[in-house]
Amino acid sequence: MTLLRAKDLTKRFVARGPLGAKAGFTAVDRVSFDVRLGETLAVVGESGSGKSTTARMIAKLLEPSEGTLEFEGEDVTHAKGAALARFRGNVQVVFQDPFSSLNPRHTVERILMAPLVYQGIAPNGGRRAHAKELMERVGLNPDHSLRYPAQFSGGQAQRIGIARALAVNPRLVICDEAVSALDVSVQAQVIELLRRLQRESGFSYVFIAHDLAVVRQIAQRVAVMSKGRIVELGTTGQVFDDPQDEYTRTLLAAIPRIDPEWERRRREKI
Amino acid sequence: MSELLVVEDLTVTFPTTRGPVDVVKDVSFTVGRDETVGIVGESGSGKSMTSLAIMGLLPRGATTRGSIRLDGTEVLGASARELRRLRGDRMSMIFQDPLSSLNPYYTVGLQIEELYRAHRGGSRAAAREVVTGALRQVGLPDPERRARHYPHQFSGGQRQRIMIAMALVCSPSLLIADEPTTALDVTVQAQILRLLADLRGQSGMGMVFITHDLAVISSIATRVLVMRRGEQVEYGTAEQVFAEPRHDYTRMLLDSIPRIDDPLDEVSA
Amino acid sequence: MARYLAGRAAGVVLILFLVCLFTFVIFFTLSPDPAVMICGKTCTPERIDQIRDVLGLDEPFLAQFFGFLAGIFAGRDYGAGANLVHCAAPCLGYSFQTNQSVWDMVVERLPVSATVAVGAAVLWLFLGIVAGLLSAVKEGTWWDRAAMGLALGGSSVPNYVLALALQYVLVVQLQVLPFPQAVAFSDGPALWFQSYLMPWLVLATGYACLYARLTRANVIDTLAENFMRTARSKGLSPALTMRRHALRPALTPIATIFGMDFAALLGGALITETVFGLNGVGKMAADSIAKNDQPVIMAVTLLAAFFVVIGNVVVDLVYTRLDPRVRITAR
């Protein structure tokens, strides 16, 4: 079942220079893809590929210049008011930098209750209990619900960001470089958390990342973007093991790898 | 000893409101004349402080113990004048973010030229020749014209090439590279890594390569130092550290690396 | 570049036009009948009518407004027949108080205000930047704290208090300076210098304190930049590191603020000129407001607007020369 459908999404930015000269720039050029219920679709690319602009358009944080966006069969391209609020109740975003996307003056409890208040949801047992439950689900100590974001480590803060996204029980979670800023050991834990949450709740991810190795750990399908276009879209196995596009091959070849022989020897020892 | 750089029991201490804190504790390693030593660690491991200590660039207030010898010259406790003579000439450093590491107000040519002239003197015209040669060496097309451009007119990869050209213009015997590819795209990273390896091989200098990325380290370093919270966890040849890690922390780090060659289901917590 | 300049010039003209219009509207609607004021104490209704006629005060608003504008560019005639007075362009009208040509008044007084502004600017730039630099380099030392405390205090002392205090100490008590008077340079450089010294000091104090704090903050920010670390890693001398790498980034923003402050001062230093009895544009503004001398008020308002708007353009142009990042995108 198709949850979200992006069709020919295009974003053009017009920059006006100090001389009044206009410079058009197409950040995203006719990008189309489907997101199925329960799957993880990764969108990968280097800086300037348009992956973040795409993420912002499907999260409806940015209006596309052209193209349409459908959610559960409904055209939400220009959704406003109640339709937009409904969309926000179904689609949530986890951002790259947890600290700048969490209000430093609000307690975790308040941060986690805010989406419920906004959506007018009153869960059984009250919002406060729901917030504690969420903290538990993402592996945080619920006794810390009255602490502030600054009192948590980077990995823990990102868990708060994930819990906030899950508060309204969304159908789609967009992760915009959600694990890029984390140390590698913390990153592995957060990836595992994201996978577990999906197994438990069955929602979909659109996983925006520049790190292909991370993508391989989490996505069923991968869209490779370059210069505003999707150059390749396929199952993770196909894209990684049998890339069709020249750019995908370059990208894969550029990833630094540990000598496989060393890897094999290390694994044998365990 | 023919080692180029000898670091012995290096400790770097910072004063804080809660008393002095050791950000680097008893770290020892050596760098040979023709090799790359990798220092790897997560944030807060003290790897960057170690490199700044070698360059004598620690922030004000930091105190150091131990010994750092470059070609037999003690760096810790050297006078400001002696350190200035070493920096840029016998040891150089490149940084993570090449855009903010270059002064936006001056052409890249001038920024390389001033380093060369500070150590070798000579006329500006002569220095300009050297600058052009240095930029050509790092693979910057049309170096004569590009030397007159400003940092913001280059791409991220080109800026890091410029930083490398600047660091190497006096042919130092030691290059310290502090996360030089972290801010770059993966395809550009591959180019810069190759360039660094090539230039190091040609000149026979020693290199200290600092990164949080174990895969990057494995592709460039002959010896590896693993750091954690200021302490040295493991130190050995790259092969030994990656194939037969002795310490649990190293094993955990290696297990955490998302593996490009592994299908989804093989990975578990 | 030519297109950019043309655009800016059009903007300048538009803003000055609007300033004219608003000033005119305000005086047209809010002020008492100028004819009555000009007429003075020995006044008859006939005389008032005559003045109205000569000044065109009976005409509708727009006609008066465009008459004023036309006067600036082409000159205009007041009255008719034997009473005809030709006011050559640029005509800003005649003072209600003295009957003098307002343009002539401006031409006469502008050099005084310019002298005050230039002298003060040299002083405050030198004092402010040197003090700010020293503070930044010696951040946290007793010098830094003392200088910044003084700067904070100095920038909160009102100009007229400082002016009166200075006058009392230097002229009355110590008698090292003569009582301030309007002196031309031709009257002797020493006397000229003495008469302007106090206005310079008074005006410069507030600005110097402000600029010292700005300079300090900018230099401290710049010293923390990554490129300063690079400069040190290159083994450059401390002098070169400071002069080349720190000063230019730190002082460029100050240059732009200076342009605006200086331009505003050319429009007259109202309080300082009044306190020291200097016949500058500022004093002219103060006098004209006190006596509701509309043509003069119009002129000083326009003049101030002119300098501020032009100053703005000059600052922008200079900035594109100082900061290469702006320079390149402007091409």
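Here the residue numbers are simple positions, counted from 1 along each chain's written sequence. Chain letters and ligand numbers both follow the written order, the letters beginning at A and the numbers at 1. The predicted origin of the model limits local features to residues at a pLDDT of at least 70 and limits the giving and counting of side-chain atom pairs to 80 or more, whereas totals for whole chains, interfaces and linings rest on all residues.

A. Quick look at the overall build of chain B. Segments assigned H or I by DSSP are reported as helices when at least four residues long, segments assigned E as strands when at least two residues long, and all are numbered from the N terminus. Regarding its fold elements, chain B presents eleven helices and ten strands. Taking the principal axes of the C-alpha coordinates as reference, chain B spans close to 60 × 50 × 40 Å. Burial statistics for chain B: of 269 residues in total, 48% are counted as buried. Three classes are used. A residue is buried when 20 or more other C-beta atoms lie within 10 Å of its own, exposed when 12 or fewer do, and partly exposed in between, with C-beta atoms placed from the backbone.

B. Seen up close, the overall build of chain A. Each helix and strand counted, chain A has eleven helices and ten strands in total. Here the C-alpha atoms of chain A give a radius of gyration of 20 Å, agreeing with the 18 Å that 2.2 N^0.38 yields for 270 residues. For chain A, the C-alpha atoms occupy an extent of roughly 60 × 55 × 45 Å along the three principal directions. A sequence separation of at least 24 residues applies to 66% of the contacts in chain A between residues at least 6 apart. Each radius of gyration reported is based on C-alpha atoms, and the globular scaling rule is 2.2 Å times the count of residues to the power 0.38. The contact criterion used is a C-beta to C-beta distance within 7 Å, with each C-beta placed from the backbone.

C. Up close: the environment of Ala27 of chain A. Within the secondary structure, Ala27 of chain A sits in strand S2 (residues 22-36). Discounting residues that sit within four places of it in the chain, Ala27 of chain A has contacts with Lys11, Phe13, Gly50, Thr53 and Gly228 of chain A.

D. Geometry of the interface of chain B and chain A. Facing 32 residues of chain B, the contacting portion of chain A comprises 28 residues. At the level of secondary structure, the elements contributing two or more residues to the side of chain B that touches chain A comprise helix H8 (186-203), helix H9 (214-220), helix H10 (238-243) and helix H11 (248-256) of chain B. Sort the elements by how many residues they give to the side of chain B that touches chain A and H9 of chain B lands first, with five residues. Residue type decides the class: Asp, Glu, Lys and Arg count as charged, Ala, Val, Leu, Ile, Met, Phe, Trp, Tyr, Cys and Pro as nonpolar, and the leftover types, Gly among them, as polar. By residue class, the composition of the side of chain B that touches chain A is 18 nonpolar, seven polar and seven charged.

E. How the structure looks around the nonpolar core. As used throughout, a nonpolar core is a set of buried Ala, Val, Leu, Ile, Met, Phe, Trp, Tyr and Cys residues joined through C-beta atoms within 7 Å of each other. Ala42, Ile174, Val206, Phe207 and Val215 of chain A together with Ala165 of chain B are the most contacted members of the largest nonpolar core, which has 157 residues in total. With residues up to four places along the chain from it excluded, the contact list for Ala42 of chain A reads Phe207, Ala209, Val215, Ile218, Ala219, Val222 and Ala223 of chain A. Within the second largest apolar cluster, 58 residues are counted, among which are Trp124, Met198, Leu251 and Phe307 of chain C.

F. Quick look at the UniProt feature "domain: ABC transporter" (unreviewed entry) in chain B. UniProt positions are given in the numbering used here, feature names are shortened, and annotations may be inferred rather than shown by experiment. When the UniProt feature table is mapped to this numbering, "domain: ABC transporter" (unreviewed entry) covers residues 5-254 of chain B. Note that residues 5-254 of chain B is 41% helix and 27% strand, and that its end C-alpha atoms are spaced 27 Å apart.

G. Representation of the pairing of strand S10 (residues 231-237) of chain B within the structure. Residue and element names in this part refer to chain B. Only strands that DSSP links by at least two bridges are regarded as paired with each other. As judged from the six bridges shared by strand S9 (residues 223-228) and S10, these two strands associate in the antiparallel manner. Within S10, the residue paired with Met227 across the bridge is Gln232. A loop of two residues connects S9 with S10, the two strands running antiparallel in sequence, and Arg229 in this loop sits at a positive phi of about 45°.

H. View of the packing of helix H4 (residues 108-120) of chain B against helix H5 (residues 124-137) of chain B. Residue and element names in this part refer to chain B. The convention used is that axes are lines fitted to C-alpha atoms, helices contributing only their stretch in contact, and that angles between N-to-C directions extend from 0 to 180 degrees. Between H4 and H5, the shortest axis-to-axis distance is 9 Å and the interhelical angle comes to 115°. Relative to H5, H4 is oriented roughly perpendicular. Where H4 crosses over H5, the two elements pack in a sense that is right-handed. Of the residues in H5, those in contact with Gly109, Ile112, Glu113, Tyr116 and Arg117 of H4 are Arg124, Ala127, Arg128, Val130, Val131 and Ala134. The cut-offs work like this: below 35 degrees is roughly parallel, past 145 is roughly antiparallel, 65 to 115 is roughly perpendicular, and the gaps in between are oblique. Note: crossing handedness is left-handed where the near helix turns anticlockwise from the far helix by less than a right angle, and right-handed where it turns clockwise.

I. Region of interest: helix H4 (residues 108-119) of chain A. Within the span of H4 of chain A, buried status applies to Val108, Glu109, Ile111, Leu112, Met113 and Pro115 of chain A. Where H4 of chain A is buried, its residues touch helix H5 (126-137) and helix H6 (154-166) of chain A.

J. Structural detail: the pairing of strand S3 (residues 40-44) of chain A. Residue and element names in this part refer to chain A. When you tally the buried positions in S3, you get five out of five residues, the bulk of the element. Because side chains alternate across S3, one face comprises the buried residues Thr40, Ala42 and Val44, and the other comprises Leu41 and Val43, equally buried. Where S3 and strand S8 (residues 204-209) come together, five bridges link them in parallel fashion. Paired with Val43 across the bridge in S8 is Ile208. Here S3 pairs with strand S9 (residues 221-226) via four bridges, running parallel. Bridge pairing links Ala42 to Val222 in S9.

K. View of unusual backbone geometry. Residues and elements named next belong to chain A. Not every positive phi belongs to a glycine, and Asp8 is a case in point at roughly 50°. Among the residues examined, Asp8 registers 13 C-beta atoms within 10 Å and is labelled partly exposed. Of note in this structure, Arg30 is not a glycine but carries a positive phi near 45°. With respect to the element layout, Arg30 can be found in strand S2.

L. Structural detail: the sheet that holds strand S7 (residues 172-176) of chain A. All names here are of chain A. Pairing in this open sheet of six strands is mixed, and the strands run S6-S7-S8-S3-S9-S10 from one edge to the other. Edge positions in the sheet fall to strand S6 (91-94) and strand S10 (229-235), since each has one partner strand and no second. Within this sheet the neighbouring strands show an average axis-to-axis angle of 15°, counted without direction. Relative to S10, S9 runs antiparallel, the two sharing six bridges. Looking at S10, one finds that Ser226 is bridged to Arg229. On the sheet, helix H1 (residues 51-58) packs against S3, S7, S8 and S9 and is oriented at approximately 150° with respect to S8. Along the sheet face, H6 touches S6 and S7 and points at about 175° away from the line of S6.

M. Inspection of the confidence of the model for chain B at higher detail. Known as pLDDT, the predictor's confidence for each residue is given on a scale from 0 to 100. Per-residue pLDDT for chain B has a mean of 92; in total, 97% of the residues score no lower than 70. With a pTM of 0.86, the predicted complex shows an ipTM of 0.92.

N. Representation of the environment of Val222 of chain A within the structure. Residues and elements named next belong to chain A. Within the element layout of this structure, Val222 appears in strand S9. Given 26 C-beta atoms within a 10 Å radius, Val222 is considered buried. Measuring from C-alpha to C-alpha, the distance between Val222 and Val35 comes to 11 Å, with 187 residues separating the pair along the chain.

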